[in-house]
Amino acid sequence: MTEAAMEIGGVNRNDRFTRGSRLVGVLSKAGLAFAILAVMLYGSFVSPAFFTSGNLLNVLTSMSIVGIVVVGMTFVLVVGGLADLSVPATIACGAILSLGLQPMIGPLPAFVLAVGLAGLIGLLNGVLVGYVGINPIIATLGIGTIGLGIVQAAVGGVIVYGSNPASAEFAKGRLFGIPVVVLIFLVIALVGHFVLSRSFWGRWTLATGGNYSAAEASAVPVQAVKAGAFVITALASGISGGLLGLTLQSARPLIGGGYEFSAITAVVGGVSIVGGFGSVPRAIAGLIFVQLLTNVMVLDGVRTPIQGFVLGILIVGAVGMDAALRKRGVA
């Protein structure tokens with residue numbers, strides 16, 4: 001095609017496509033910020049309680065528990081692992097064991113051991129996905145079901161209660177006026193961001209998710225990297241479950257139910273569902289949007305089934321946008 005044929009009305013079609021791609025690129029990067037501002041504006045009209053310090057503090061605290069899982073899930077999506085559906089089991093493992101082991105070995109060793117055992121679930125997931133090549137959805141769903149069954153059998157399906165008041169005070173306490181749970185989340189988020197954006201492991205993760213074959217040809221240990229993403233998610237979920245148990249001072253086998261959905265809903269707002277693109281800050285921005293939107297719906301009296309419907313629409317929309325942006329070469 002000649003240059004003249006490519007020009008319509010004095011406008012070059014290549015220039016129009018370039019400007020369109022740039023516009024879409026800007027919108028894809030700033031879209032979450034606009035969405036968060038829109039939700040906050042709507043929330044201010046819905047309820048006068050939205051901008052109160054008590055409400056925002058509750059949102060921040062609940063966001064931190066989910067946010068720790070989101071940091072781990074970011075690695076799974078970026079590496080091309082689709083999702084980790086064993087999160088409920090790892091959260092239950094962290095919560096139940098961190099409380100149940102307190103009388104025997106003390107609160108801190110119990111917490112560390114609980115997180116470590118939760119990490120074993122991630123190790124099994126990683127071996128099945130990274131080395132055996134089983135579909136991540138099938139592998140994590142199966143391992144999660146087995147893990148949850150083991151946890152239920154260990155406690156007889158009953159509620160486990162904490163026995164160390166000091167650990168509860170620590171989990172519910174504040175430092176410089178900021179809840180301890182929030183500070184722990186911020187530290188984990190900063191570490192996750194550094195690892196994914198500044199370390200060789202992060203570069204390997206992005207390369208493996210972006211082009212598995214090319215990364216393998218470049219001597220990247222793709223199997224270990226893919227397996228490692230599930231271990232990271234399991235450890236993060238174990239920490240989240242342990243903090244949840246210490247905060248509530250009670251835990252039951254189904255305590256982690258729904259957290260995997262909340263984490264996936266948040267992460268897909270800033271991370272490509274097919275891998276190779278994304279960052280921890282973008283995932284956290286998606287988390288902030290989802291948490292604020294959920295809070296606004298609660299204040300507005302929206303029923304729980306409708307809330308689930310809205311969040312499901314968000315997942316479908318985010319995945320569809322990701323696919324569209326990849327076709328245009330923006331994502």
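Residues numbered from 1 in each chain as written. Predicted model: local features only at pLDDT ≥ 70, side-chain atom pairs only at ≥ 80, totals over all residues. Heavy atoms only, no water.

1. What to know about unusual backbone geometry
Consideration 1: Even without being a glycine, Leu-82 presents a positive backbone phi close to 65 degrees.
Consideration 2: By secondary structure assignment, the location of Leu-82 is in the loop between helix H3 (53-78) and helix H4 (87-100).
Consideration 3: The residue Gln-249 is not glycine, and still its phi comes out positive at about 60 degrees.
Consideration 4: Within the fold, Gln-249 resides in the loop between helix H12 (222-248) and strand E6 (250-251).
Consideration 5: Gln-249 gets classed as buried once you look at its relative accessible area, which sits at 16%. (Helix = DSSP H or I, 4+ residues; strand = E, 2+ residues; numbered from the N terminus. Buried < 20%, exposed > 50% of the residue type's maximum accessible area, 1.4 Å probe, protein only.)

2. A short note on helix H9 (residues 180-198)
Consideration 1: For H9, built from 19 residues, the straight-helix expectation of 27 Å at 1.5 Å per residue is met to within 8% by its first-to-last C-alpha distance of 26 Å.
Consideration 2: Within the sequence span of H9, burial applies to Val-180, Val-181, Val-182, Phe-185, Ile-188, Ala-189, Gly-192 and Leu-196. (Expected span 1.5 Å × (residues − 1).)

3. What about the layout of surface pockets?
To find leftover empty space, a probe the size of one water molecule is rolled over the atoms.
Consideration 1: If you add up the space inside the second largest pocket, you get close to 440 Å³.
Consideration 2: In terms of lining residues, the second largest pocket is bounded by 21 residues, among which Val-66, Ser-262, Gln-291, Thr-294 and Gln-307 are the most central.
Consideration 3: Secondary structure elements with two or more residues in the lining of the second largest pocket: H3, helix H13 (259-267), helix H14 (280-299) and helix H15 (304-327).
Consideration 4: Element by element, the count of residues in the lining of the second largest pocket is highest for H3, at six residues.
Consideration 5: Class assignment of the residues belonging to the lining of the second largest pocket gives a composition of nine nonpolar, twelve polar and no charged. (1 Å grid on protein atoms, 1.4 Å probe; cavity = no way out; pocket = protein on both sides within 12 Å on 5 of 7 lines; lining within 4 Å. Points joined across faces, edges and corners; volume = space filled by probe spheres on them. Nonpolar A, V, L, I, M, F, W, Y, C, P; charged D, E, K, R; others polar.)

4. Topic: the environment of Pro-136
Consideration 1: Along the chain, Pro-136 falls in helix H7 (residues 136-155).
Consideration 2: When neighbours within four sequence positions are excluded, Pro-136 is seen to be in contact with Gly-81, Leu-82, Ala-83, Val-129 and Phe-230. (Contact = heavy atoms within 4.5 Å.)

5. Some points on the side chain of Thr-208
Consideration 1: Its place among the elements puts Thr-208 in helix H10 (residues 200-210).
Consideration 2: Taking relative accessible area as the criterion, Thr-208 reaches 3% and is therefore assigned buried.

6. A few points about the packing of H4 against H12
Consideration 1: Between H4 and H12, the shortest axis-to-axis distance is 7 Å and the interhelical angle comes to 45 degrees. Considering their axes alone, H4 and H12 lie oblique with respect to each other. Judged by the twist between their axes, the crossing of H4 over H12 is right-handed. Counted together, Val-87, Thr-90, Ile-91, Gly-94, Ala-95, Ser-98 and Leu-99 of H4 and Thr-233, Ala-234, Ser-237, Gly-238, Gly-241, Gly-242, Leu-244, Gly-245 and Leu-246 of H12 form the full contact between these two elements.
Consideration 2: Taken together, the residues that form the contact of H4 with H12 break down as seven nonpolar, nine polar and no charged. (Axes fitted to C-alpha atoms, helices over the stretch in contact; angles between N-to-C directions. Parallel < 35°, antiparallel > 145°, perpendicular 65-115°, else oblique. Left-handed = near helix turned anticlockwise from the far one by under 90°.)

7. Some remarks on the packing of H3 against H9
Consideration 1: Put simply, H3 and H9 touch, their axes get as near as 8 Å, and they point 15 degrees apart. Between H3 and H9, the interaxial angle falls into the category roughly parallel. Relative to H9, the crossing made by H3 is left-handed. Contacts between H3 and H9 pair Leu-60, Thr-61, Met-63, Ser-64, Ile-65, Gly-67, Ile-68, Val-71, Thr-74, Phe-75 and Val-78 from the former with Val-181, Val-182, Ile-184, Phe-185, Ile-188, Ala-189, Gly-192, Val-195 and Leu-196 from the latter.
Consideration 2: When the residues that make up the contact of H3 with H9 are grouped by side-chain class, the tally is 15 nonpolar, five polar and no charged.

8. With respect to the packing of aromatic side chains
Describing an aromatic ring pair means giving the distance of the ring centres and the angle of the ring planes.
Consideration 1: Throughout the structure, instances matching the rule amount to three aromatic pairs.
Consideration 2: Seen from their ring centres, Phe-50 and Phe-51 are 4.9 Å apart, and the 80 degrees between their planes marks the pair as edge-to-face.
Consideration 3: Judged by centre distance (6.2 Å) and plane angle (55 degrees), the ring pair of Trp-201 and Trp-204 falls under tilted. With Trp-201 and Trp-204 both in helix H10 and three residues apart, the pair spans about one turn of that helix.
Consideration 4: Taking relative accessible area as the criterion, Trp-201 reaches 22% and is therefore assigned partly exposed.
Consideration 5: On the accessibility criterion, Trp-204 (28% relative accessible area) is partly exposed.
Consideration 6: An aromatic cluster of at least three residues, connected via ring pairs, comprises Phe-200, Trp-201 and Trp-204. (Phe/Tyr/Trp six-rings, centres within 6.5 Å; stacked < 30°, edge-to-face > 60°.)

9. Brief notes about the nonpolar core
Consideration 1: One finds Val-70 and Phe-185 to be the most contacted residues of the largest nonpolar core, which totals 63 residues.
Consideration 2: Only H3, H4, helix H6 (107-132), H7, H9, H12, H13 and H14 provide two or more residues apiece to this core.
Consideration 3: Of the residues forming this core, the biggest block, twelve residues, is contributed by H3.
Consideration 4: Ranked by size, the runner-up nonpolar core spans 13 residues in total, among them Leu-32, Val-59, Leu-292 and Met-297. (Core = buried A, V, L, I, M, F, W, Y, C linked by side-chain atoms within 4.5 Å.)

10. Brief notes about the confidence of the model for the protein chain
Consideration 1: Summing up the model confidence of the protein chain, the mean pLDDT is 84 and the portion of residues at 70 or higher is 84%.
Consideration 2: Contacts of residues 1-11 to residues separated by more than four positions or lying in other chains number twelve contacts, the stretch itself having pLDDT below 50.
Consideration 3: Confidence drops under pLDDT 50 across residues 13-21; counting only partners more than four residues distant or on other chains, this segment forms eleven contacts. (pLDDT = per-residue confidence, 0-100.)

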